[in-house]
Amino acid sequence: MDVDISPQRKLRRSVLWFALTALLLLLALIGGLAWKQGAFAKTTQLYFFAKTAYGMSKGMAVKFSGFRIGSVEEVSLEPNGSVKVRMVIGNAYTHFISKDSKARLGKEGLIGASIIEIEPGESGARQVADNDVLAFARLRDFNDLAQDLVNQIQPILTDVKMITEFINDPDNDLRQTIKNVNRASAALVETTQEIRHLVQSSDQRVGAVSAQVGTLLQHAGERLDQVGASLKTLDEKVPGLMLKADKTLENLQAATANVKKITDESVEQVPGILRDGKAAAEDAREIVGGAKKAWPVRNFVTPQQETLIPLDSHESGSAQRK
Amino acid sequence: MRAAAPSASEVRIRSGASHAGGVLRLLPLMLLCALILAACASAPPEPQNARLAQAADYNRRGEAALKQGDYGRAQGFYREALRIDLSTEHSEGIAINSINLARAHQLAGERSLAHQTLDSLLGASALHLAPELVAAARLRKALLYQDEGKLADAGDWAERSEALCKDAGCAWRGTLLNLRARLALARADAGAALVLAGQALAVNRTRAAGEEIANSLRLQAEARIHQQQFAAALAPLDEALALDKRLGLPERIEADLALMGEAHAGAGNAEQAREFRLRAASVSKQRVPAE
């Protein structure tokens, strides 16, 4: 039986060629995308050592003058307890970094994400090479600032307490002065009474005047009596007030300690939460941005354009009517 | 009884048919592969400059703030958009945001700042702005002068704008003609106003510019009222009112109703005039000043 099978072979060959071409195109596309993402870009590995890995993580950005030039590839614990950090820097940027450059752990803004900032070294130093080690410093963060604030307030509170204790001491100069004033007032009252008696027994010729003077002096005496009484009351009440002030200051100090404790706890938690929130928002923005650029979504998204407020011939007329 | 064996040609035909059926079955899959490959291979859209996207975002926020009546914030957004456009020498953006900033200043009552902003734009010859944008800036200047009651200056700037906006293809042609009609009305030249408003109406109808069509109709009606042709004023006002209602513009609805009241009063229909005036007052009472 004569069966011609050449069309079947031809079809298989065509399908095979088609599939092969599609595969090649797909591989070329993947290669192109990988190249665009920097998978084949040449990089330089740099290291630095830190006492603690606090605030550092794999993938965090390495920046120079605000530009991202690489990323942290590995954070590992050394046998001596120090932390070894491996960074990968694009070769296009290594000429900015000299051997004496410093890596600093900082933040983008007060509550921004942690980054490694490369601080340039001296202009004469040689450019870094692969596997070089940079010096490392940790920038002051929110926790350090809060601790500084507490350290500055603490001596002030101690001074205030000392002053209060000094005022409260019965043997101090201030208390002695108040007592002397009290005694002098009492003596003045006695003197006034003697003067009054003297005036009463004086010449009758100045009776009218004397009577007036007596009245005046009597009033003065009354006032001085009142002053004496007031000073006595003050003397009785001051220790109580001082005691209350002392207690108030103790309460204030305890409250400050609580605030410090809360601040310490917040300092550990709040920046983390805010960082996470910011990172999540950035991730979401990147995902949405990526989706917008991807087929077929990109076909449905029109880029924003700057628009002119419509010019309206009625607008000025309406202003005049108003 | 045995069936007759198929001939060689029949076998070839059947074999060909079965291959064709296989190809047809594979066809959707092949088409899908081809579509995916074509989609992957198609050039991605030109990525928008990140700075321009940011400027566009500020521009959009400025417009939103302006609509909310928050002129200070609108100025801030437009200034930021302008700063970005200046830093990238994006002349179109510079023109758009300068004109918008001038409008925000005008609405905030800062007319001298509005003039300064427009003068800076119009004086920057190095920008090589598109004639249509220069025409828009000059028109904004004319509107600003009209707002100040300086009608001669407004007319002068309207003429300068028109020099670059003569054909109907110019986006501001209808607005410009309406403005000229309004200036003619201010000079008590109702005849010229009627002609200009008619030209404006034709241009605006071609461009389907709803608000400006209503403005042209209102101007025609005002010109008719000036000419004591009260009955002739009612038809354009009816159409203008319907348009303004459709666009939801309370301040213009109020103006339409007030003019209708005036037209009816002139025509001797006291009862209808009263009704329209009450309706205008009612709209005025309910709308907020920003509208």
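Residues numbered from 1 in each chain as written. Chains lettered and ligands numbered in written order. Predicted model: local features only at pLDDT ≥ 70, side-chain atom pairs only at ≥ 80, totals over all residues. Heavy atoms only, no water.

(A) Structural view of the overall build of chain A. Each helix and strand in chain A was counted, giving six helices and seven strands. When the helices and strands of chain A are placed in sequence order, the string is α-β-β-β-β-β-β-β-α-α-α-α-α. Burial status across chain A gives 23% buried among its 322 residues. Put simply, 65% of the contacts in chain A that link residues at least 6 apart link residues at least 24 apart. If you sum the accessible surface of chain A, you get close to 21,900 Å²; carbon and sulfur atoms cover 60% of it. (Helix = DSSP H or I, 4+ residues; strand = E, 2+ residues; numbered from the N terminus. Buried < 20%, exposed > 50% of the residue type's maximum accessible area, 1.4 Å probe, protein only. Contact = heavy atoms within 4.5 Å. Areas by Shrake-Rupley, 256 points an atom, 1.4 Å probe, with all protein chains shown as cover.)

(B) A look at the pattern of salt bridges. Tallied over the full model, the rule gives 21 salt bridges over all chains. Salt-bridge contacts for B:Arg111 lead to B:Asp147; the nearest nitrogen and oxygen are separated by 3.7 Å. Here B:Arg111, found in helix 5 (residues 111-123), pairs with B:Asp147, found in helix 6 (residues 131-147); they are 36 residues apart in sequence, far enough to count as distant. Since its relative accessible area comes to 35%, B:Arg111 is described here as partly exposed. In this structure, the salt-bridge partner of B:Glu271 is B:Arg274, at a minimum N-O distance of 3.9 Å. Of this pair, B:Glu271 and B:Arg274 both sit in helix 13 (residues 270-286), three residues apart, roughly one helical turn. On the accessibility criterion, B:Glu271 (57% relative accessible area) is exposed. Connected through shared salt-bridge partners, A:Asp312, B:Glu211 and B:Arg252 make up one network. (Salt bridge = Lys/Arg side-chain N within 4 Å of Asp/Glu carboxyl O.)

(C) Just helix 5 of chain B, in detail. All names here are of chain B. For helix 5, with 13 residues, the first-to-last C-alpha span of 18 Å sits near the 18 Å given by 1.5 Å per residue. Those residues of helix 5 that fall on the buried side of the exposure criterion are Ala114, His115, Thr117, Leu118 and Leu121. Taken end-on, helix 5 shows its buried residues confined to a sector of 160 degrees, consistent with a single buried face. With respect to the buried face of helix 5, the exposed residues turned more than 90 degrees away are Ser112, Ser120 and Gly123. Buried-residue contacts for helix 5 involve helix 4 (91-107) and helix 6. (Expected span 1.5 Å × (residues − 1). Arc of directions from axis to C-beta.)

(D) Representation of the packing of helix 10 (residues 210-226) of chain B against helix 11 (residues 230-247) of chain B in the model. Residues and elements named next belong to chain B. Taken N-terminus to C-terminus, the directions of helix 10 and helix 11 make an angle of 155 degrees; their axes are 8 Å apart at the nearest point. Accordingly, the angle class assigned to the pair helix 10 and helix 11 is roughly antiparallel. Relative to helix 11, helix 10 is oriented so that their crossing is left-handed. Here Gly210, Glu211, Ile213, Ala214, Leu217, Arg218, Gln220, Ala221, Arg224 and Ile225 of helix 10 lie close against helix 11, whose contacting residues are Phe230, Ala232, Ala233, Pro236, Leu237, Glu239, Ala240, Leu243, Asp244 and Leu247. Split by residue class, the contact of helix 10 with helix 11 holds 13 nonpolar, two polar and five charged. (Axes fitted to C-alpha atoms, helices over the stretch in contact; angles between N-to-C directions. Parallel < 35°, antiparallel > 145°, perpendicular 65-115°, else oblique. Left-handed = near helix turned anticlockwise from the far one by under 90°. Nonpolar A, V, L, I, M, F, W, Y, C, P; charged D, E, K, R; others polar.)

(E) Up close: the state of the cysteines. Residue and element names in this part refer to chain B. Applying the stated criterion to the full structure yields one disulfide over all chains. Across a sulfur-sulfur distance of 1.8 Å, cysteine 165 and cysteine 170 are joined as a disulfide pair. Disulfide cysteine 165-cysteine 170: the torsion about the S-S bond is -95 degrees, which places it as left-handed. Overall, the relative accessible area of 3% leaves cysteine 170 in the buried class. (Disulfide = S-S within 2.5 Å.)

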